[in-house]
Amino acid sequence: QVQVIESGGGLVQAGGSLRLSCTASGLTFSNYAMGWFRQPPGKDREFVAAISWNGRMMYYGDSVKGRFTISRDNAKERVYLQMDSLKPEDTAVYSCAAGYYNDGRFSANPDYWGRGTQVTVSS
């Protein structure tokens, strides 16, 4: 009965901001690192950001460094992705995942996935 559910996607103009939220239930939330991936139309899935179980370690894909910020609130069992200075190339389905974070890397194949939320950045 594990459920990972994203929210907060939408349409935004280039240069704008969005904050995505993710809840994960049916598991012990604090046991998992959490991550975000995205899949632009016609392209492969790409790693975006990850955060360790205690929120002390964060890692970002090169394309979003300095623009996106990942955070988590274990009491609320939520993870967030603050996206600033959005670009049209950020347009994608963004998916939240529960996995593990070791040696500066998040799981390539996380244990659990959400269905994703659409982010569209217009020019």
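The residue count restarts for each chain, going from 1 along the sequence in the order it is written. It should be noted that, the model being predicted, local features are given only for residues of pLDDT at least 70 and side-chain atom pairs only at 80 or more, the latter also being counted only at that level, while totals for whole chains, interfaces and linings use all residues. Derived side-chain values reflect all non-hydrogen atoms in the structure, with water molecules and hydrogen atoms excluded from consideration.

Asks: Looking at this structure, I do not really get the overall build of the chain. What am I missing?
Replies: Helix and strand content of the chain: zero helices and 13 strands. Its helices and strands taken in sequence order, the chain reads β-β-β-β-β-β-β-β-β-β-β-β-β from the N to the C terminus. All radius of gyration figures rest on C-alpha atoms, and the globule criterion is 2.2 Å times the number of residues raised to 0.38. For the chain, the C-alpha radius of gyration of 13 Å lies close to 14 Å, the compact-globule estimate for 123 residues. When its C-alpha atoms are laid out on the principal axes, the chain stretches across 40 × 30 × 25 Å. Sequence-distant contacts in the chain: of pairs separated by 6 or more residues, those separated by 24 or more amount to 56%. All accessible areas in this document rest on Shrake-Rupley with a 1.4 Å probe, and a residue is counted as covered only by the protein chains that are shown. Surface exposure of the chain reaches about 6700 Å², of which carbon and sulfur atoms provide 43%. Separation between the mean location of the 13 positive side-chain charges and that of the 11 negative ones in the chain comes to 3 Å. Strands are runs of DSSP state E lasting at least 2 residues, helices are runs of H or I lasting at least 4, and numbering of each runs from the N terminus. Whether two residues are in contact is decided by their heavy atoms: any pair within 4.5 Å suffices. Charge assignment: positive for Lys and Arg, negative for Asp and Glu; neither His nor the chain ends contribute. The atom standing in for a charge is NZ when the residue is Lys, CZ when it is Arg, CG when it is Asp and CD when it is Glu.

Asks: I keep staring at the environment of Gly-15 and nothing clicks. Help me out?
Replies: Among the structural elements, Gly-15 can be located in the loop between strand E2 (10-13) and strand E3 (18-25). Apart from the residues lying within four places of it in its own chain, the contact partners of Gly-15 are Ser-85 and Leu-86.

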